[in-house]
Amino acid sequence: MPDRIYDVIVIGTGAGGGMAIHALCQAGAKVCALNASRRLKPSRDFRNHRQPFDMPFRGFGDPVKRKNWIGYMDNEYTEGIWEHEIIFTKAPGTEWTWRRCFAVGGKTNFWGRSSARFGDIDFRAASRDGYDVDWPVTYAEMAPYYSRVERMIGVASTVQKRPSNPDGEYLPPMNFRCIDRILESGARKVAIPYLPDRIAQLTVPHAGHPSCHYCANCTEGCDVGAFFSTPWFFLPAAERTGNLDLRTNALCRHILVDENGRAKGVAYVDRVTRREVEVYGRAVVLAASCVESARIVLNSKSRQWPDGIANSSGQAGRNLCDHLYGTTARGYFPQLLGQPSFPDNVSASTVAWMPRWQNLENPRQEEFIRGYSVYPDGGCAEFPWYFEEIEGFGREFKRAIKRRYPTPVSFYIQAPTQRSDANFVDIDPQVKDAYGIPAARLHFAWDRNTLLMWEHGKQACEQLLRASGAEYLGAAAEPDMPGTSLHETGTLRMGNDPKRFVTNRFGQAHDVGNLYVCDASVFPNCTDKTTTLSILAFTLRTAEHLIENLKQG
Amino acid sequence: MANQGADRRTVLEMLAKAAAASQFPGFRRWVFGQQPEREPRKGTYRPAFFSPSEYHTIDVLTGLIIPADGTPGAREAGVSEFIDFLAAHGETDIQEPMRRGLQWLDAVSRKRHGAPFASLSPEQQDGVLRTAAHRGQAPRDDPQGQAFFRLIRRYTVMGYYTSRIGLEELDYPGLRIYSASPACPHTGDPEHRHLPPPKV
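Residues numbered from 1 in each chain as written. Chains lettered and ligands numbered in written order. Predicted model: local features only at pLDDT ≥ 70, side-chain atom pairs only at ≥ 80, totals over all residues.

## Some words on the overall build of chain B
- Secondary structure assignment for chain B yields 8 helices and 0 strands.
- Along chain B, helices (α) and strands (β) appear in the sequence α-α-α-α-α-α-α-α when read from the amino end.
- The contacts in chain B between residues at least 6 apart in sequence include a share of 55% that link residues at least 24 apart. (Helix = DSSP H or I, 4+ residues; strand = E, 2+ residues; numbered from the N terminus. Contact = placed C-beta atoms within 7 Å.)

Have a look at this one:
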């Protein structure tokens, strides 16, 4: 007999895990949370208030170590935080870049903070255009959860009455900068919406957290907690209840089952001692993030579940979606040449957005189905990356760099892929990670629909730049590599039919009633919106469903 | 709003701590470039990767690329120290390529003026560098000069605009404390067609 049986074991402490832990502990459940890496200490690990010259390599990083870094966020500011030891593999032909944060709080420590609600245009998209399936929820059902989440975390924006974007409960918006005013004027001419983004960044003190001080380095972590992350917003409150046992460096190997195939606990590797530990609970919440959760399910093989726990549908790992990211246009504003510097970038660029404007009235108006959103960026940044566009050297060169400083502008597209049989996660039959756990293997390529959005976005953004009086300098030759967005969805999709979906409308496994999933793996597809706010809203609903079930025994 | 003041103090303390952490051994002007209140360290910087003559030429080049012209330039900001520091820590892009480029530079200087680059007058140095900088003037069969120019220019920019001097040159507005998100001050001119004349 195990010495202790928790009410719930939660795997992961990011947006989904953190919210589940918070809700469950507040409700009185005894929770054991497993996190695959260490706790971060903001004063030591977050170097966001350092100037480049405060670091030996000026933020560019040690040349030898840099070779192993992944993507733009793995840098001298966040060194030692991103995961490199728990590897994944790629099928031949698949490109995938992935900077995963396994530290306590996961990616909420460094996320982009854009926080739009999903709406019926997303949930009922299949009914509108005939592709794939509707979500098993309606906006009317989800709206109260979105409101509660917005009140908890604080989201700054305005009521915009856009058909693609339900409005929520907002703190005062970020102010528009010079570049926003210029682009707003241009956008009006080409009928593209240009509006304040929905940003989980506090423009006023909120729920005991200080307002943003606009230092500009949010993506290096916030050391005062002025934007939502679970270590600042949820985990301290959960720990104060006395109901939380948070185990760090606890890497989940597989979910344990009883003789009936129900979840009875989790086997994990303690990454410090390298010993395997078992922990038992009445229910298990899987919140390790989309691909890692699929890996855990597929690695949880037993006599009862030869293809992975709760995978009688064979759909675990399937239906992987991602956001295509890429620079659709860049240029500069001649009207700002030589103007004094302005704090354009002090909220790390999440001031404005161009929410989906395609296929709104007629779902088949464009060559592609569904739609995409765009984020603008520009103004005075920390480093004059545009210098390569200026010829020469000497006084004129130095002066030209200074003149151009306030003027750069660029656009970044967020375009969803649609589900396809070609994009999925499985277990690599050969490769194991440093702890002997079989690695996840990714199979992925952009689909034609998404690439049509990319082409459409490039044209639209060029038009917008020209309408704004900017000099157009081109677009990226190709989109960023898949995986860049960190918005994977769909490996444990929710749906009503147990034969076709792993989880039901509450994120509860169809096959295993005491196994719940609280991350973006339950989303049937990835929409044009970011995932974090919806992970929080769906998790809050799932956690309350679980609490009811626990009460009923 | 009551706890705002305390939060700002916390932030200011952190900024001060970060500044105090910015001391690395060996540098002379680079450290001076960070902390204007301090005198430059006595003695000369001893390059860790490049030879003393290579290092001297790099230092001269950085000053030609970003000169002091009313505001301090790359030499004042210690950019050559940063380049040598990167090379010494394994920056393969600038180890041998930079060496070969310096050899090319001296060869062109000798051919044209009979002396290595560092011994030329500032006007002659400017002329030799211009050969590499402007594509039209560069000999067609010598792309090496252009590649070298782009390399030394890129690392000069990297070193200069990440120094305190360089960020002050741009008047970088980040890492300061703002009480509200900064708003466009040009009300009534959304397209920004009627701004005051440029300062630069």
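## Details of helix H11 (residues 395–404) of chain A
- Buried within H11 of chain A we find Phe397, Lys398, Ile401 and Arg404 of chain A. Buried residues of H11 of chain A, seen end-on, are gathered within an arc of 135 degrees and therefore sit on one face of the element.
- Where H11 of chain A is buried, its residues touch strand E9 (323–332) of chain A together with helix H3 (52–65) of chain B. (Buried ≥ 20, exposed ≤ 12 C-beta atoms within 10 Å, placed from the backbone. Arc of directions from axis to C-beta.)

## Here we look at helix H7 (residues 178–189) of chain A
All names here are of chain A.
- The first and last C-alpha atoms of H7 sit 18 Å apart over 12 residues, in line with the 16 Å expected at 1.5 Å per residue.
- With 9 of 12 residues buried, H7 lies mostly within the body of the structure.
- Of all the residues in H7, the buried ones are Cys178, Ile179, Asp180, Arg181, Ile182, Leu183, Glu184, Gly186 and Ala187.
- Residues of H7 that are buried sit in contact with strand E10 (352–353), strand E11 (373–378), strand E12 (408–416) and helix H12 (448–467).
- Looking at the residues trailing H7, positive phi occurs at Ala191, about 55 degrees. (Expected span 1.5 Å × (residues − 1).)

## Overview of the sheet that holds strand E3 (residues 88–90) of chain A
Residue and element names in this part refer to chain A.
- Here 3 strands make up an open sheet; going across it, the order is E3-E14-E13 and the pairing mixed. The two strands at the open ends of the sheet, each matched to only one other strand, are E3 and strand E13 (424–432). Strand-to-strand twist in this sheet, taken as the mean axis angle between neighbours without regard to direction, amounts to 40 degrees.
- Sheet analysis places E13 next to strand E14 (residues 438–443), joined by 5 bridges and oriented antiparallel. Residue pairing in the sheet places Asp426 in a bridge with Arg441 of E14.
- Packing against the sheet, helix H10 (residues 290–299) makes contact with E13 and E14, and its axis sits at approximately 65 degrees to E13. (Pairing = 2+ DSSP bridges. Axes fitted to C-alpha atoms, helices over the stretch in contact; angles between N-to-C directions.)

## Some words on the pairing of E12 of chain A
All names here are of chain A.
- Within E12, 9 of the 9 residues are buried, which leaves it mostly tucked inside the rest of the structure.
- Along E12, one buried face is formed by Pro408, Ser410, Tyr412, Gln414 and Pro416 and the opposite face, lined by Val409, Phe411, Ile413 and Ala415, is buried too.
- Pairing analysis gives 9 bridges linking E9 to E12, with the strands arranged antiparallel. Bridging from a neighbouring strand, Arg330 pairs with Ser410 of E12.

## Some thoughts on the interface of chain B and chain A
- Contact residues are listed per partner, giving 56 residues for chain B and 61 residues for chain A.
- Contributions of two or more residues to the side of chain B that touches chain A are made by helix H1 (4–20), H3, helix H6 (122–133), helix H7 (143–160) and helix H8 (164–170) of chain B.
- The greatest single-element share of the side of chain B that touches chain A, amounting to 9 residues, is contributed by H1 of chain B.
- Classifying every residue of the side of chain B that touches chain A by side-chain character gives 32 nonpolar, 13 polar and 11 charged. (Nonpolar A, V, L, I, M, F, W, Y, C, P; charged D, E, K, R; others polar.)

## With respect to the sheet that holds E12 of chain A
Residues and elements named next belong to chain A.
- In spatial order, the strands read E11-E12-E9-E15; together these 4 strands make up an open sheet with antiparallel pairing. Among the strands making up the open sheet, the edge pair consists of E11 and strand E15 (471–474). In this sheet, neighbouring strand axes are inclined to one another by 30 degrees on average, regardless of whether the strands run parallel or antiparallel.

## Quick word on the environment of Thr539 of chain A
- Within the secondary structure, Thr539 of chain A sits in helix H13 (residues 532–551).
- Along the chain, Thr539 of chain A and Gly17 of chain A lie 522 residues apart, while their C-alpha atoms are 8.2 Å from each other.

## Notes on the packing of helix H4 (residues 79–88) of chain B against H7 of chain B
Residues and elements named next belong to chain B.
- Running from amino to carboxyl end, H4 crosses H7 at an angle of 110 degrees, the nearest separation of the two axes being 9 Å. By the angle between their axes, H4 is roughly perpendicular relative to H7. Note on element contacts: H7 touches H4 through Tyr155, Thr156, Gly159 and Tyr160, opposite Val79, Phe82 and Ile83.
- Each residue belonging to the contact of H4 with H7 can be placed in one class, and the counts come to 5 nonpolar, 2 polar and no charged. (Parallel < 35°, antiparallel > 145°, perpendicular 65-115°, else oblique.)

None of this, on its own, says anything about what the molecule does.
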